[in-house]
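What follows is the residue order along each chain.
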Amino acid sequence: MALESQTDVSTLTATQQSVRAQRHVLLTLSRVWAWVFLIALIVFFSLSVSITSEGDVNFLTLRNSQNILIAITPVLLMGLGQTFVIIAGGIDLSVGWVMGLSSVISALLARDLVARGIDPTPAIFLAFAGGIAASGMVGLINGLIIARLKVPPFIVTLGVSFIVRGVALLFSGGQTVAGLPTQLRDFGNESLLYWVGGGANQLHFLRRPEVTGEQLRALDRILGWPVVITAIVVAIAIFLLHKTQFGRHTYAIGGNKEAALRAGVPVDRHTILLYVMSAVTAGIAGLLHSARFSGGSPTAGDPLLLGSIAAVVIGGVSLFGGVGQISGTVIGALIIAVLQTGLVMLGVEAFWQFIVVGSVVILAVLIDQSRDLIIGRAES
Amino acid sequence: MEPVLSLRNILKRFGGLTAVKHVNLDIFPGEVVGLVGDNGAGKSTLIKCVSGVYHPDEGEIQFMGQTMAFSKPIDARRVGIETIYQDLALAPNLNISANIFMGREAKRRYFGGLIKTLDEEKMLSESRRVIDSLDIRLPNFGAQIDKLSGGQRQAVAIARAVYWNARLMIMDEPTNNLGVPEQRKVLDLIRKLRESGVPVILISHTLPDVFAVTDRIVVMHRGHKVAEKQTAQTDSQTVVEYMVGARSDVRAD
Ligand SMILES: Nc1ncnc2c1ncn2[C@@H]1O[C@H](COP(=O)(O)OP(=O)(O)OP(=O)(O)O)[C@@H](O)[C@H]1O
Ligand SMILES: [Mg+2]
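This structure is a prediction, so every number in the text was calculated from the model and none was measured.

Draft legend 1. Structural context of the overall build of chain A. Across its full length, chain A holds 14 helices and 3 strands. Taking the principal axes of the C-alpha coordinates as reference, chain A spans close to 100 × 60 × 35 Å. Within the span of chain A, comprising 380 residues, buried residues form 49% of the whole. Only carbon and sulfur atoms are counted for the fraction: they give 67% of the accessible area of chain A, which is about 18,600 Å².

This is the structure in structure tokens:
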């Protein structure tokens, strides 16, 4: 009798243990799924691209990886500021047109300052400062209305988005601002490292090697300046969000604003700062756009707004606030870029990108919700 | 003995509604005072005036002999008035030590204070110290608040107040939504606070709890303070009569 009940207990614990182990695996998977998904995508595209092209085209090349990194910079930059705002329980719909405004202002300043005889390098610095200042002003307006007048962020940033759109189009006359100094284009298109392939196999640091013909075609730019700048902003964002009081307060406000207020968190000031930050990261994206395309485009950011929010959501930031990480947003942006590039290389009609990205957004949220379910079960 | 807190003629209006009407109240060191009354009697409003959430329209608040004018809750906390709210003032997405230090995070300084980072180790060890000193048992110290039970959350809120050297503790229905063992635990914590000399104002609808831990009971009815009794010299029948307005020691105006 006693022996029997003992066996019972041990089988029970064995099943319990296996359930617990399964749950543990599920939970870990749901936490790291974005990484797994990203790697799976890269593997999938590497294989399928070379198979469908019968070995002519490779997905996993140095050049392609650099193209992807360059392509994500504006989306990621907007997503970084957005990550802070959303974790604090807000949303910033104005960043798309802020990017356009910053692109236009910086381009106009660069063009006109050089035309007035100022040296290109200081002119470009002033132009960048102007673009950032204009963006910061927009963020300040967002923040002030949201924090002081208690209007919901969705409404405020939607309204401000239209206003900024009008302002950017007025400043630019509705056209791309052209005639910029060549130094600006160099900044947007040159890089930290250069690799001359095709047999020569040389690595150059900071200075583009003088190459022509066949070698020029084999020249790869590694870590273009836009990528380097974005990486620096990512590092600052990680530090701010995860290591400082500023970051802690961001989470506290998103978790329970009333509690944060009562605990002495300067909620209004913090909220204003968050919207300024969000606008400034979008502003940086605008500057980089002017530099890369050697033109100030008012409409540069508008198509990227929803992509940046999608990156944030895929990265696991909850729109209810309080939850999320910078690394998530980086992965989210990478997933979108890899998907888009990969589908193009597979020769899939471009419109399919939207369908796929949209499905991934919904999938991401479903996985995050199922994690709560798993944890909930683990508790009971 | 000098009162720790002395309220003189406090009046608070919300538009046309007067939620608190000319209330006087003294709280002395080391005593637990129960504040009871029906729903909407004005209990929460009165204590929110003390904790800096509201500014009274009339009257005077004296704390440790000084006249106070709080414009924000943090002003009240700075002088040592800690409040455990009816609606818990914790961030559910943060862990225990982050909540204990919320708004007053410990920081490490680098480059002469140019760069400051969170001092997680210090916050963690200090939180552990205060939680242990209160005999609170928590399963997993790194847990987020929303993974804790109601009683454990209440304990964290109390630990936070104790850590920041509360000189007056206000608790607005701290045993709300708690199981019986957890209610006991909170009552034990209140007794501990009294032993350490910290006076407590306890708002509760659970009269047995109020009778179990308080030294004095103050009853409010429709914004008035209608009774003030030594707990040992009254009973719940009498208190209920005051609560429903069947008895009153003040004339209504
Ligand atoms: N912020 C506010 N704005 C307007 N009216 C309010 C506000 N807060 C409280 N009141 C009103 O003031 C009165 C007193 O409310 P209060 O919350 O102080 O009651 P209470 O005694 O704490 O009740 P309960 O036991 O239900 O918590 C009620 O009539 C309430 O509706
Ligand atoms: Mg109340």
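Now, onward.
Draft legend 2. Spatial organisation of the interface of chain A and chain B. Taken together, the contact between chain A and chain B spans 19 residues of the former and 25 residues of the latter. Counting each side, the surface lost to burial between chain A and chain B is near 1,900 Å², with a carbon and sulfur contribution of 57%. If you sort the residues of chain A by the area they bury against chain B, A:Gln245, A:Arg248 and A:Arg262 come out on top, with a joint share of 40%. For the pair chain A and chain B, the number of links is 1 salt bridge. Across the pair B:Glu120 and A:Arg248 runs a salt bridge whose closest N-O atoms are separated by 2.7 Å.

Draft legend 3. View of the packing of helix H8 (residues 225-243) of chain A against helix H11 (residues 267-293) of chain A. All names here are of chain A. Relative orientation of the contacting elements H8 and H11 amounts to 170 degrees, with a least axis distance of 11 Å. The angle between H8 and H11 places the two elements in the roughly antiparallel class. Along the contact surface, H8 presents Pro226, Ile229, Thr230, Val233 and Leu240, while H11 presents Met277, Thr281, Ile284, Leu288 and Arg292. Split by residue class, the contact of H8 with H11 holds 7 nonpolar, 2 polar and 1 charged.

Draft legend 4. View of helix H4 (residues 120-149) of chain A. The end-to-end C-alpha distance of H4(A) is 42 Å, a good match for the 44 Å that 30 residues give at a rise of 1.5 Å each. Positive backbone phi, at 55 degrees, marks A:Lys150, one or two positions downstream of H4(A).

Draft legend 5. Molecular detail of the sheet that holds strand E10 (residues 200-203) of chain B. Residues and elements named next belong to chain B. Taken together, 6 strands build an open sheet; the order of strands is E6-E9-E10-E3-E11-E12 and the sheet is mixed. What marks the edges here is a single partner per strand, and that holds for strand E6 (81-84) and strand E12 (224-230). On average, each strand axis in the sheet is inclined to that of its neighbour by 20 degrees, with strand direction left out of account. For strand E9 (residues 168-172) and E10, the ladder comprises 4 bridges, and the chain directions are parallel. Residue pairing across strands places isoleucine 170 opposite isoleucine 201, the latter belonging to E10. The sheet contacts of helix H8 (residues 236-243) involve strand E3 (32-37), strand E11 (216-221) and E12, and relative to E11 the element is tilted by about 25 degrees.

Draft legend 6. Representation of the site of ligand 1. All names here are of chain B. Surrounding ligand 1, one finds 15 residues, the nearest of these being Asn39, Lys43, Ser44, Thr45 and His205. One of the side-chain N or O atoms of lysine 43 is found 2.7 Å from an oxygen atom in ligand 1. Take histidine 205: an N or O atom from its side chain is 2.7 Å from an oxygen atom of ligand 1. If ligand 1 stood free it would expose 640 Å²; the protein chains cover 63% of that surface.

Draft legend 7. Focus on the pattern of salt bridges. All names here are of chain A. Per the stated rule, a full pass over the model turns up 26 salt bridges over all chains. Two residues, aspartate 112 and arginine 111, come together in a salt bridge whose shortest N-O distance is 3.1 Å. Owing to a relative accessible area of 33%, aspartate 112 belongs among the partly exposed residues under this scheme. Between arginine 217 and glutamate 214 there is a salt bridge; the shortest N-O distance is 3.8 Å. Linking arginine 217 with glutamate 214, this pair stays in helix H7 (residues 213-217), spanning 3 residues, or about one helical turn. Accessibility assignment for this pair places arginine 217 and glutamate 214 in one class, exposed.

Draft legend 8. Seen up close, unusual backbone geometry. Even without glycine at this site, A:Ser294 takes up a positive phi of about 50 degrees. Relative to the helices and strands, A:Ser294 resides in the loop between H11 and helix H12 (305-314). Assessed through its relative accessible area of 17%, A:Ser294 is described here as buried. In this structure, B:Asn9 is a non-glycine residue whose phi angle is positive, near 60 degrees. By secondary structure assignment, the location of B:Asn9 is in strand E1 (residues 5-14).

Draft legend 9. Molecular detail of the confidence of the model for chain A. Confidence along chain A averages 91 in pLDDT terms, with 95% of residues attaining 70 or more. Confidence, read as mean pLDDT per element, is least for helix H1 (residues 2-52) of chain A in chain A (77) and greatest for helix H5 (residues 153-172) of chain A (98).

Draft legend 10. Just the sheet that holds strand E4 (residues 58-63) of chain B, in detail. Residue and element names in this part refer to chain B. As summarised here, the arrangement of the 4 strands in space is E2-E1-E4-E5, forming an open sheet in which the pairing is antiparallel. Taken across any chain shown, the strands that pair with only one partner, and hence form the sheet edges, are strand E2 (17-27) and strand E5 (66-68). Between one strand axis and the next, the sheet turns through 30 degrees on average, direction left out of account. In the packing of helix H1 (residues 43-50) onto the sheet, contacts are made with E1, E2 and E4, and the angle to E1 comes to roughly 120 degrees.

Draft legend 11. Inspection of the nonpolar core at higher detail. Core analysis: the largest hydrophobic core is formed by 84 residues, its most contacted members being A:Leu80, A:Ile314, A:Ile326 and A:Ile335. Not counting the four nearest positions on each side in its chain, A:Ile326 is found in contact with A:Leu80, A:Thr83, A:Phe84, A:Val234, A:Ala237, A:Ile238, A:Leu241 and A:His242. B:Ile131, B:Ile136, B:Leu148 and B:Ala159 belong to the second-largest nonpolar core, a separate cluster that totals 38 residues.

Conventions adopted
- Residues numbered from 1 in each chain as written.
- Chains lettered and ligands numbered in written order.
- Predicted model: local features only at pLDDT ≥ 70, side-chain atom pairs only at ≥ 80, totals over all residues.
- Heavy atoms only, no water.
- Helix = DSSP H or I, 4+ residues; strand = E, 2+ residues; numbered from the N terminus.
- Buried < 20%, exposed > 50% of the residue type's maximum accessible area, 1.4 Å probe, protein only.
- Areas by Shrake-Rupley, 256 points an atom, 1.4 Å probe, with all protein chains shown as cover.
- Contact = heavy atoms within 4.5 Å.
- Buried area = accessible area lost by both parts, 1.4 Å probe.
- Salt bridge = Lys/Arg side-chain N within 4 Å of Asp/Glu carboxyl O.
- Axes fitted to C-alpha atoms, helices over the stretch in contact; angles between N-to-C directions.
- Parallel < 35°, antiparallel > 145°, perpendicular 65-115°, else oblique.
- Nonpolar A, V, L, I, M, F, W, Y, C, P; charged D, E, K, R; others polar.
- Expected span 1.5 Å × (residues − 1).
- Pairing = 2+ DSSP bridges.
- Near = heavy atom within 4 Å.
- Polar contact = N/O pair within 3.5 Å; in protein donor to acceptor, adjacent residues only side chain to side chain.
- pLDDT = per-residue confidence, 0-100.
- Core = buried A, V, L, I, M, F, W, Y, C linked by side-chain atoms within 4.5 Å.

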